[in-house]
Amino acid sequence: MNTEASRTLINPRSSSTRTVSIAGTGCYAPERVMTNADLERLVDTSDEWIYTRTGIRQRHIAAQDEATSDMAAEAARRAMKEAGIEADDIDMIVVATCTPDMFFPSTACFVQKQIGASRAFCMDLSAACSGFLYAMEVGQQFISTASADTVLVIGAEKMSSVLDWRDRSTCVLFGDGAGAAVLQSRGAEYGIMTTVLGSNGNLSDLLSIPGGGSRNPLTAESLEEGMNTLRMAGREVFKHAVTSMSNAVLEALRRCGASIDDVDCIIPHQANARIIQAIGQRVGAPIEKFYLNVDRFGNTSAASIIMALDEAVRNGRIKNNDLVLLVVFGGGFTWAASLVEW
Ligand code: ACO
């Protein structure tokens, strides 16, 4: 048996508290576009009602044979290219989704298969629309403690598969898509500086897909009642989304000794333009500081924030050394805010 004096072990955590950067991003939106005019033909609604209440003009809808992992894998390929990495470099894949391909295997395992990341270990994460920032925090913790070097974090959703297309109060709000980010330690001074995470399970009934799990398994009766589709108390969700996201923004700034004026760009969860305006008023940020693409994609749940971040980077809205604030809210309830040095 080794005595302590004779041991020569390597401490795999000796480089703990490494800074973690977003090394590359990518996104994918399905080809088919559904406009508000298309929805007028499905339910009793109007472009005017949808646009003034939500800011949404159109959303992308996945093909029938296109699963969440298909969209996720395409977004991943684009992020890998941007980060300049190969599939073999990836240690870990985390997919945030509430519309997985199946209960199991995880959607992350299907992505692994599609992109050929055979070295990676893979898992899904469930935090509804907040999932991407939850997953990013998990990835950042693995890298900062040297348990992984390269993590692929994905937010991907096929929301069209869980909507009741007869319910005008929900079906007009959502869209499909995927976004991905490669996380690595690249010696940045700050990188991902902090992520504030919060949940309130007491309010779980206000936004859910009640059927299909162990509480209400799928039966002919539960299907008849539409329990396999999304239910939402819109007004309540609106109120809590504004309060929780505003508080998360202020807490993230406080932790880093920053003020809202230090922030160059805010990427909010793209659920509703009015929610974003209300957050701006509460945290003292002009609307110009927010990046919005909800008009073109609707609410893509866990994919929303990373699709918007990717677009903002690609079109030059976010530049090197910018301070970027990401903030999300979703079912659970769950919420999160991250402050990132780009
Ligand atoms: N077209 C026309 N009329 C509609 C529609 C529609 N698509 N949907 C609802 N209405 C009607 C209602 O039936 C109601 O009619 P009534 O007064 O005759 O009963 C009227 O419009 C007002 O309905 P409200 O639900 O009170 O409308 P509100 O102004 O609250 O807007 C909305 C609804 C847009 C859903 C709003 O509550 C909202 O944005 N909530 C937040 C929802 C959200 O963003 N959820 C996702 C965030 S978390 C996540 O991403 C999972």
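Counting of residues starts from 1 at the beginning of each chain's written sequence and follows it residue by residue. Only residues with pLDDT of 70 or above have their local features reported here, since the model is predicted, and side-chain atom pairs are shown and tallied only from 80 upward, although totals for entire chains, interfaces and linings are computed over all residues. As a rule here, side-chain values come from all non-hydrogen atoms in the structure, and water together with hydrogens is ignored.

Asker: Got a sec to walk through the overall build of the chain? Specific residues and values, please.
Answerer: The secondary structure listing takes helices from DSSP runs of H or I that are at least 4 residues long and strands from runs of E that are at least 2 residues long, numbered from the N terminus. When helices and strands are counted, the chain shows 11 helices and 13 strands. Computation of the radius of gyration draws on C-alpha atoms alone. For the globule rule, the value is 2.2 Å times the number of residues to the power 0.38. Here the chain has a C-alpha radius of gyration of 20 Å; the compact-globule value for 342 residues is 20 Å, and the two agree. Projected onto the principal axes, the alpha-carbon positions of the chain cover approximately 75 × 50 × 40 Å. Buried residues in the chain amount to 55% of all 342 residues. Considering only contacts in the chain between residues 6 or more positions apart, those separated by 24 or more positions represent 77%. Every accessible area reported is derived by Shrake-Rupley at a probe size of 1.4 Å, with residue values counting cover from the shown protein chains alone. Here the chain displays about 15,500 Å² of accessible surface, and carbon together with sulfur accounts for 49% of that area. Note on exposure labels: buried denotes an accessible area under 20% of the residue type's maximum, exposed denotes more than 50%, and partly exposed covers the range between, all computed with a 1.4 Å probe on protein chains only. Note on contacts: a residue pair is in contact if any heavy atoms of the two residues lie within 4.5 Å.

Asker: Give me the sheet that holds strand β12 (residues 323-330): which residues, what numbers.
Answerer: For two strands to be treated as a pair, DSSP must find no fewer than two bridges joining them. Taken in spatial order, the 4 strands of this open sheet run β8-β13-β12-β11, and their pairing is mixed. Every interior strand has two partners, whereas the edge strands, β8 (192-199) and β11 (265-268), have only one. This sheet shows a mean twist of 10° between the axes of neighbouring strands, independent of strand direction. As defined by bridge partners, β8 adjoins strand β13 (residues 334-341) across 7 bridges and the pair is classed as antiparallel. Counterpart to Leu197 in the pairing with β13 is Ala336. Helix-sheet contacts for helix α5 (residues 131-144) involve β8, β12 and β13, and the interaxial angle to β8 is about 130°. Here an angle of 0 to 180 degrees is reported between the N-to-C directions of two axes, which are lines fitted to C-alpha atoms, with helices fitted over the stretch in contact.

Asker: Outline the site of the ligand, listing residues and values.
Answerer: If even one non-hydrogen atom of a residue comes within 4 Å of a molecule or strand, that residue is called near it. As a structural note, the neighbourhood of the ligand is formed by 22 residues, with Thr45, Cys129, His269, Asn272 and Asn299 the closest of them. Between the ligand and Trp49 there is a distance of 3.3 Å, counted from a nitrogen atom to a side-chain nitrogen or oxygen. Relative to its free-state accessible area of 1,000 Å², the ligand is covered by the protein chains to the extent of 75%. Counting only elements with at least two residues in the shell around the ligand, the list comes to α2 (47-54), α6 (168-171), α8 (234-255) and α9 (273-283). If one sorts the elements of the shell around the ligand by residue count, α8 sits on top with 4 residues. Pairs of N or O atoms within 3.5 Å make up the polar contacts considered here, provided that, within protein, one atom can donate a hydrogen while the other can accept it, and that residues adjacent in sequence are counted only when both atoms are side-chain atoms.

Asker: Can you break down α9 residue by residue, with the values?
Answerer: Taken together, the buried positions of α9 are Ala273, Ile275, Ile276, Ala278, Ile279, Gly280 and Val283. Residues of α9 that are buried sit in contact with α2, α8, β11 and α10 (294-297). Where α9 begins, the side chain of Asn272 points an oxygen toward the backbone nitrogen of Arg274, at a separation of 2.7 Å. The positive-phi residue at the C-terminal boundary of α9 is Gly284, with phi of around 75°.

Asker: Describe the nonpolar core, naming the residues involved and giving the relevant values.
Answerer: Across soluble globular proteins, you tend to see nonpolar side chains buried next to one another. By size, the foremost hydrophobic cluster in this structure holds 46 residues, and its most contacted members are Leu253, Ile260, Ile266 and Leu325. Mapped by element, the contributors of at least two residues to this core are α8, α9, β12 and β13. Looking at this core element by element, the count peaks at 8 residues for α8. Once you skip the residues sitting within four places of it in the chain, Ile260 turns out to touch Val249, Leu253, Ile266, Val283, Gly284, Ala285, Lys289 and Leu325. Buried residues of nine kinds, namely Ala, Val, Leu, Ile, Met, Phe, Trp, Tyr and Cys, make up a nonpolar core once their side-chain atoms join them within 4.5 Å. One finds Leu133, Ala148, Ile192 and Val340 within the second-largest nonpolar core, a separate group that totals 35 residues.

Asker: Any chance you could break down the sheet that holds strand β5 (residues 121-125) for me, citing the residues and the numbers?
Answerer: Strand pairing in a sheet takes place through backbone hydrogen bonds and is either antiparallel or parallel in direction. Taking strand neighbours across the sheet as the criterion, the 5 strands line up as β1-β7-β6-β4-β5 in an open arrangement whose pairing is mixed. In this open sheet, the two strands that pair with only one neighbour each are β1 (21-28) and β5. Here the average twist between neighbouring strands, direction ignored, is 15°. Direction of pairing for strand β4 (residues 92-96) relative to β5: parallel, over a ladder of 5 bridges. Bridge pairing in β5 links Ala96 to Leu125. Sitting on the sheet, α5 is in contact with β1, β4, β5, β6 (150-158) and β7 (176-184), with an inclination near 170° to β6.

Asker: So what's going on with helix α3 (residues 68-83)? Residues and values would help.
Answerer: A rise of 1.5 Å per residue sets the reference length of α3, with its 16 residues, at 22 Å; its end C-alpha atoms lie 22 Å apart and thus fit the reference within 8%. Along α3, the residues classified as buried are Thr68, Ser69, Met71, Ala72, Ala73, Ala75, Ala76, Ala79, Met80 and Ala83. Along its buried surface, α3 packs onto β1, α4 (107-115), β6 and β7. Gly84 lies just past α3 and shows a positive phi near 70°. In this analysis, the expected span of each helix is defined as 1.5 Å times one less than the number of residues it contains.

Asker: Go over the packing of aromatic side chains, please, and point to the residues and values.
Answerer: Aromatic pairs are defined between Phe, Tyr and Trp rings, using the six-membered ring for Trp, whenever the two ring centres lie within 6.5 Å; interplanar angles under 30 degrees are classed as stacked, those over 60 as edge-to-face, and all others as tilted. Scanning the entire structure with this criterion turns up 3 aromatic pairs. Centre to centre, the rings of Phe121 and Phe142 are 5.8 Å apart; their planes meet at 45°, and the pair counts as tilted. Of this pair, Phe121 sits in strand β5 while Phe142 sits in helix α5; the two residues are 21 residues apart in sequence, bridging distant segments of the chain. By relative accessible area, which is 36% here, Phe121 ends up partly exposed. Taken together, the ring pairs connect Phe329, Phe333 and Trp335 into an aromatic cluster. Think of it as a cone above the ring: NZ of Lys or CZ of Arg counts as a charge over the ring if it is within 6 Å of the ring centre and within 35 degrees of the ring normal. Over the ring of Tyr51 we find Arg57, and its NZ or CZ is 3.5 Å from the ring centre.

These results come straight from atomic positions and should not be treated as a statement about function.
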